[in-house]
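# Observations on the three-dimensional arrangement
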Amino acid sequence: MTPTPHTRVCDEPAVDLVPVVPGLHMLRFPIGQAYVWQDPDGPDHRDGGGRPDGHGGAEARYGSDGSDGAAGRGGSLTLVDAGWAGAEDAVVRALHAIGGPGARLRRVVLTHCHRDHVGAAEALAERFGAEVLAHRLDAPVVRGEAPVPEPDLLDWELPLYEHGLTTPEAPPTRVDRELEDGDVLDFGGGAHVVHTPGHTPGSVALHLPRHGVLLTGDTVASVAGVTLGVFHVDRAAAVESMRRLSRLSPLRAVCCGHGEPLTADAATALRTAAEAARA
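Our subject in this report is the structure included herewith. (Residues numbered from 1 in each chain as written. Predicted model: local features only at pLDDT ≥ 70, side-chain atom pairs only at ≥ 80, totals over all residues. Heavy atoms only, no water.)

## Describing the overall build of the protein chain
Operational definition: Only DSSP runs of H or I covering at least 4 residues are called helices, and only runs of E covering at least 2 are called strands; the numbering of each starts at the N terminus. We call two residues in contact whenever any of their non-hydrogen atoms come within 4.5 Å of each other. Note on areas: Shrake-Rupley with a 1.4 Å probe; residue coverage comes only from the protein chains shown.
If you tally the helices and strands in the protein chain, you get seven helices and 15 strands. Within the protein chain, counting contacts between residues at least 6 apart in sequence, those at least 24 apart form 67% of the total. For the protein chain, the exposed area adds up to about 11400 Å²; of that, 52% sits on carbon and sulfur atoms.

The following block contains the structure:
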């Protein structure tokens, strides 16, 4: 199933707000995307609201007129990756569309140090007083203390890489907390940090087992089917990381850094792609 965009929140740069599963939205940028997880206020926030299993149904989150049913409810928001530098106003409008004017951005979790993922993190953290989190190995790059690691590009990746560099460069961004493999973050009923070296040394994925949601960063792509991502500093390590992700359970939604979220047969699609991936 391919989610359908329901709100265009900004024209420059274009940012589409796309519902994925209850509690999760995608922010689609011209290159790349970010994700927003919403934990409503109240005693049921660990389960994502709605029914006790966390699946409140589309009508619990989106109004029958296509508007966002969460508007006005507030709640705690987690942003996974931050899109483009200069897009913070568009992201703020998207956050308000999801959670209403009372929504609070509590944290920005960066899956890795590339510009299309870090971009607006510093500006958003300043605006909301949010915490910025990144893996220990990528944190110096995010802070501007170390250069972005150079990928080992295949010939066919070269024009794609050049196109990716048209994304605005991310400014030096503070990192308030350095992550390690196995850390559990306080959103989505417990978001498990999975270190996925290969794309960058400090790439991470986030697994929300209570909801069966996996946010892969750029280790996996879903642009033309499910494949290993591109622009890896260590392709063999990235393949092993992809295979590790495919063994996680449950997997009901797989959300990549590039391409459409997988919400039908996601576990099978990821497992098949991981088995076929080659360094």
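There is more to say, and it comes next.
## Some details on the sheet that holds strand 12 (residues 213-217)
How we decide: One bridge is not enough; two strands pair if DSSP finds at least two bridges between them.
Spatially, 9-10-11-12-15 is the arrangement adopted by the five strands of the open sheet, whose pairing is mixed. The sheet terminates laterally at strand 9 (184-185) and strand 15 (253-256), the two strands that pair on one side only.

## Considerations on the nonpolar core
Counted only if it meets this: By nonpolar core is meant a set of buried Ala, Val, Leu, Ile, Met, Phe, Trp, Tyr and Cys residues that side-chain atoms within 4.5 Å join together. Under the scheme applied here, a residue whose accessible area is under 20% of the maximum for its type counts as buried, over 50% as exposed, and between as partly exposed, the area being computed with a 1.4 Å probe on protein chains only.
Core analysis: the largest hydrophobic core is formed by 35 residues, its most contacted members being L27, F29, L79, L105 and L110. Contributing elements (two or more residues each) for this core: strand 2 (15-21), strand 4 (33-39), strand 5 (76-80), helix 1 (88-99), strand 6 (104-109), helix 3 (121-128), strand 7 (131-135) and helix 4 (139-142). Broken down by element, this core gets its largest block of residues, six residues, from helix 1. If near-sequence neighbours (up to four positions away) are discounted, L105 is found in contact with L77, T78, L79, L95, L124, F128 and A130.

## As for a nonpolar patch on the surface
Cut-off, in case you're wondering: Patch membership is restricted to residues that have no salt bridge and whose relative accessible area is over 30%. Joining uses 9 Å for like charges and 5 Å for the nonpolar side chains Val, Leu, Ile, Met, Phe, Trp and Tyr. Every case where a carboxyl oxygen of Asp or Glu lies within 4 Å of a side-chain nitrogen of Lys or Arg is listed as a salt bridge.
On the surface, L154, W156 and L160 cluster together into a nonpolar patch covering about 290 Å² of accessible area. Relative to the assigned elements, W156 resides in the loop between helix 4 and helix 5 (158-164).

## Regarding the pairing of strand 4
Where burial is concerned, most of strand 4 is hidden: seven out of the seven residues are buried. What you see with strand 4 is no split at all: Q33, Y35, W37 and D39 on one side and A34, V36 and Q38 on the other are buried throughout. Examined bridge by bridge, strand 3 (residues 24-28) and strand 4 share five bridges and lie antiparallel to one another. Looking at strand 4, one finds that M26 is bridged to Y35. Linkage of strand 3 to strand 4, two consecutive antiparallel strands, is achieved through a turn of four residues, within which G32 is found at a positive phi near 85°. Bridge analysis of strand 4 against strand 5 gives five bridges, and the strand direction is antiparallel. Bridging across to strand 5, V36 finds its partner in L79.

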